[in-house]
Amino acid sequence: MKTRLRLLFLFLFSTALLTAQQPKKPTASDIHESIKKLNFLGSVLYVAAHPDDENTRLISYMSNEVKARTAYLSLTRGDGGQNLVGPEIRELLGVIRTQELLAARRTDGGEQLFTRANDFGYSKHPDETLAIWNKEQVLSDVVLAIRKFKPDVIVNRFDHRSPGSTHGHHTSSAMLSVEAFDLVGNKNSYPNQLSGVDIWQPQRLFFNTSWWFYGSREKFEEADKTNLLEIDTGVYFPSSGLSNPEIAALSRSQHKSQGFGSTGSRGSQIEYIELIKGNLPVDRNNIFEGIDTSWNRIEGGKAIGDILYAVQNNYDFNNPSASIPELVRAYKAIQNLKDEHWKIIKTKEIKDIIATCAGLYLEVTADTNHATAGSSVNLNIEVINRSNANIILSNIVNPNGVKIEKNLKLENNTGFDFKETLQINSNQSISTPYWLTKKGTLGMYAVDDKKLIGKPETPRDLNVTFNLNIGNIAIPFTKAIVYKTNDPVKGEIYKPFEIIPEASAKISENVIIIDKNQQRDIEVIVKAGRDNLEGYVELAYPRNWSVFPEKQKVSIATKGQEERLIFTVIPPKEQSEGLITPMVHVGDKVYTKELIEIDYDHIPFQTVLLPSESKIVRLDIQKRGENIGYIEGAGDVVPESLRQIGYNVAILKPEDISAENLERFDAIVVGIRAYNTVEELNFKQQILFDYVAQGGNMIVQYNTRHRVKVDQIAPYDLKLSRDRVTDENADVSLLATNHEVLNFPNKITKNDFEGWTQERGLYFPNEWSSEFTPILSMNDQGESEKTGSLLVAKHGEGYYVYTGLSFFREFPAGVSGAYRLFANMLSLGKNEMQPSNQIKN
C-alpha cells in the first residue's frame, strides 16, 4: 500500500486511529493537487538521526506547497528511546517508531528512508557515536540513500560544526550528510553501489537552523544572516481548510510513543535554512532557484509536460474522469522516457491519478490475517470502475505468476467480486522486519540483502496484479493482499496479510530469577501456525543447569491455538546465569523463534519474529517486606520483575491512592515518567508523603524535567536536570558506604554494577536539600561526577527514594546487581524485622 500521501487526504486524519491500513479515497481536490505534484520534477531530502527529529513543518511545506518529492532520512529507528504507550523497548520499540514515522509521512506527504544504524541510546559525542555505529557503513548507507533518491537539495536538521553540544547521534547525522554530499558524485566512492544506482550530485546542502541553535532569540536576531534563506511555512490550503502548521502538527502527533502530541497553529511561520554547500539562491524564498523542476529537465519531457500542464489547467472538479484520456496519453509517453529514475517515479504517480480519476477500486483480501508457507488461502477480489471511462479488466495475475483471464468490460459503478484460492509457495519467506532477521551489533543492524538497505519496512511480495486496458492502453495495477474484518465498534479494520512459521514458542517470562538451590517450574507456550501441528519441545539451557523432563510432546489441532507445557529447571549450587531457549521439533525442522504481535490503534498491526530466549539467573538475594503498590507511568516491566523476586505487586490507579488503601503496602513504587504523564498524581502527592511519614517506603523512578505534572516531586526540595551517564560500564563509586541501602539485606559492591545495559541512568537531580543522602557517584569519561542517581531521605518514620538509575532497562536484561540494589531500596527501614526469607517461588 502506498506510503506517499498526495495533498490532501486530510479528511482521513480524524479517523486515522481506526484506519491505519485502509485504502485512501481521495476527493476531487486531492486529485488536482496530485496532478500539480505530477508536474513538479524536483526532490528534497531531509536528514536527521531519529524518529521525531524531523521538522514536519518544512517537510509538509516542501511536499504540499512546493510539490517537491520530499523524503526524510532517519539514520536510526529509535530503538534506544522510551515508550509512553506500552512496555516495548529496544527492537520492538524500533518497530513501533518506524511505523509512527510512516504514519507521519502519510500525513505530511513525505517519504521515509533509513540506514542500518541502530539507536544504542543517548550519546554525548559524535566520536563515540561513529565508533559504535561503524562510521564507514553508515556513511555508505547515506551515500546510497542520496544516490537512490537523487535529491536536488539536502536539508540537515542539525549542525555538523558543534560536536559535543548535543546528542552525538544528532551531530553525527549532519556530519555524515556533509561528507556524503562530496562523495555521491564520485564514481570511486563506494563503487560497489554503482551496479544498482548511478552517481548523483545534489545542488545545495542546507542546515535547518533556528534561534535555539544560537542560544537565545536575542543572539539570533543579532547574528549574520547572509547565508540564511527565509521560508514562510505558515501557508494556508483552502482546499483542505488547514494551514501547513496544522498539517505538520498532525504529522508530529503520530510520534505517540514519545509523547509528541502537538497542537496546530495558524499564521506566518518562518523557517531558516543556512547554506552549507552549493551556490546561494538570489531568491531567498526558493531553494530550487536555478534548478529546472519542469518536465523540460528530462529528455522527451517537454511533450509530456504539454499534455499534463493542460490537464492541470483544464481539470474539471465535477468530473475528474474527463482527464483520463489525456492522462493515459501522457502515461504512454512516460513509458518511452530514457531517464529511468523519473520514469519509475512518474509512472507510479500517474497510475495512481488515473485510478483515482476513474474511481477505480481494486482490492484483494484473504480470509485470514496469517498463513504458513505451503498452505492455501481463500481470496476475495473486488473490482469496480466508478466512471464512464472505457476500462477492460484483461486478466489478474496472482503472486505465483498464474494468469487468470477475465476480459471484462468494467461498466460504470458495476462491481465484480471474484473468489480465488492461492497456494502459497513452500519457500515463501516469513513476514518480519528485515533488519531483525539476523543478529547485529550494538550500533548496527545486519542486513544481508543489500537491496533492502534503506527501505522503511519489508516489501510486500504477496501481491496481485490487475492488468487493465484503459483507452486501448494496457496499464497494470498491483495490490498487496490484505486481511479485512469488521469490528462492531470501530467498523472496517485492515491488517497486513502475513506469513508465519508453522510453530513458534516462548517462555512466559523473559527473565527467570531462582534463589539459591530451589528448583523452578517454567511455562513454555507453543503456538501453531497451521492446523494439526504435531511435534515435541525441548529446551536449550546452560551446561551447569538441569531441566526435567528432557522433552515433551506437543499436539495442537487448530491454527492460532496455543499449548502450554511445564518444565522444571534446577539451578547449579553456585551463582550462575545464562539463556534458555525452547526448541519445537516438527518433522525434520526445528523452530526457535517467538512470534510477537504489536497491536496499537495508531499504527498498522505488526508481526515480528525474534529469537525466543529468556535469561535465567541463579541469584543469592534477600528481601524484606512482601506487598508492593506500583503506580504506573509511561510503561515498563518493573512490576513483573519485582514479582520475579517474590514480591506481591498490586497496580495502583490514581483513584486507588488513599491513606486507607496504602496501609497494606510495605512500599510504594512510582513508575518511570509517571510525573510527566499522570496529571491526577498532583492531587495524590500529599497522601503519598503522609504514607512515608507514617513509616512507609516510597521509591520514585526517573522523570524528565519538562512537562512535570506535579507541584512537588518529593517531600523536600529536589530539582531535576538533564544529567545522565550513558556509558553502561562507567565506574560507580559508593559514597555512603555505611548507609542501609548499600548493606541491608544485601551487601552491595561494585560487582553489582557489572553487566548493565545501554546506560547507567538518566535525568538525575542536580540539586537537593540536606535531607537527602546521595548514595552513588558516576560519570561519563571526561565529565564531572554525577551524584544524583540515587538519593535517599528519611521523612518522618519512613523513607523517600528518588532514583534515575535505569532499572526499567536492567530488569528485562536480567542484571543481577540491579535486582539486589532494588530489593535493598524496598527493604529500607525494615532491618528490625525478622527475615521474611529469600525469594519465594
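Note that the coordinates shown come from a computational prediction; the quantities given were computed from them, not determined experimentally.

Scoring rules and cut-offs
- Residues numbered from 1 in each chain as written.
- Predicted model: local features only at pLDDT ≥ 70, side-chain atom pairs only at ≥ 80, totals over all residues.
- Heavy atoms only, no water.
- Pairing = 2+ DSSP bridges.
- Helix = DSSP H or I, 4+ residues; strand = E, 2+ residues; numbered from the N terminus.
- Axes fitted to C-alpha atoms, helices over the stretch in contact; angles between N-to-C directions.
- Contact = heavy atoms within 4.5 Å.
- Expected span 1.5 Å × (residues − 1).
- Buried < 20%, exposed > 50% of the residue type's maximum accessible area, 1.4 Å probe, protein only.
- Arc of directions from axis to C-beta.
- Lys, Arg positive; Asp, Glu negative; His and termini not counted.
- Salt bridge = Lys/Arg side-chain N within 4 Å of Asp/Glu carboxyl O.
- Phe/Tyr/Trp six-rings, centres within 6.5 Å; stacked < 30°, edge-to-face > 60°.
- Lys NZ or Arg CZ within 6 Å of the ring centre and 35° of its normal.

1. Some words on the sheet that holds strand 1 (residues 43–48)
- Spatially, seven strands are ordered 3-2-1-4-5-9-6 in an open sheet, and the strand pairing comes out mixed. At either end of the open sheet lies a strand with only one pairing partner, and these are strand 3 (111–114) and strand 6 (228–232). Taken pair by pair, the neighbouring strands of this sheet meet at an average axis angle of 30°, ignoring direction.
- On the sheet, helix 3 (residues 91–108) packs against strand 2 (69–74) and strand 3 and is oriented at approximately 150° with respect to strand 3.

2. Points about helix 9 (residues 301–313)
- A rise of 1.5 Å per residue sets the reference length of helix 9, with its 13 residues, at 18 Å; its end C-alpha atoms lie 18 Å apart and thus fit the reference within 8%.
- Regarding helix 9, the residues found buried are Gly301, Ile304, Gly305, Ile307, Leu308 and Val311. Looking down the long axis of helix 9, one finds its buried residues gathered within 165° of arc, a one-sided arrangement. Exposed side chains of helix 9 directed beyond 90 degrees from the buried face belong to Lys302 and Asn313.
- On its buried side, helix 9 packs onto helix 1 (28–38), helix 10 (324–334) and helix 11 (340–357).

3. Section: the sheet that holds strand 21 (residues 503–507)
- In spatial order, the strands read 21-23-27-25; together these four strands make up an open sheet with antiparallel pairing. Looking at strand neighbours, the two that pair on one side only are strand 21 and strand 25 (546–548), the edges of this open sheet. Each neighbouring strand pair of the sheet contributes to a mean axis angle of 30°, computed without reference to strand direction.

4. Overview of the environment of isoleucine 493
- Mapped onto the elements, isoleucine 493 comes out in strand 19 (residues 491–496).
- The class of isoleucine 493 is buried, set by a relative accessible area of 17%.
- Expressed as a C-alpha distance, the spacing of isoleucine 493 and glycine 788, which sit 295 residues apart in the sequence, is 48 Å.

5. Focus: the side chain of lysine 150
- Relative to the helices and strands, lysine 150 is located in the loop between helix 5 (135–149) and strand 4 (153–156).
- Buried and unpaired, lysine 150 has no salt bridge, with aspartate 198 as the nearest side chain of opposite charge at 4.5 Å.
- Those residues within four positions of lysine 150 in sequence are excluded, and the remaining contacts are Ser43, Asp198, Ile199, Trp200 and His341.

6. So, the packing of aromatic side chains
- For the structure on display, the rule yields 20 aromatic pairs.
- Aromatic pair phenylalanine 220 and tyrosine 272: ring centres 4.9 Å apart, planes at 75°, arrangement edge-to-face. Highlighted residues: phenylalanine 220 in helix 7 (residues 217–222) and tyrosine 272 in strand 9 (residues 270–277), separated in sequence by 52 residues.
- By relative accessible area, which is 4% here, phenylalanine 220 ends up buried.
- Here tyrosine 702 and tyrosine 763 contribute two aromatic rings whose centre-to-centre distance is 5.9 Å and whose plane-to-plane angle is 10°, an arrangement assigned as stacked. Of this pair, tyrosine 702 sits in the loop between strand 36 (697–700) and strand 37 (718–725) while tyrosine 763 sits in strand 39 (residues 761–768), and the two are 61 residues apart along the sequence.
- Its relative accessible area of 1% is what places tyrosine 702 among the buried residues.
- Chaining the aromatic ring pairs together yields one cluster made of Phe753, Trp756, Phe807, Phe811, Tyr819 and Phe822.
- The ring of phenylalanine 418 has lysine 406 sitting right over it, with the charged end atom 3.9 Å from the ring centre.
- The ring of tyrosine 763 has arginine 724 lying over it, and the distance from NZ or CZ to the ring centre is 5.3 Å.

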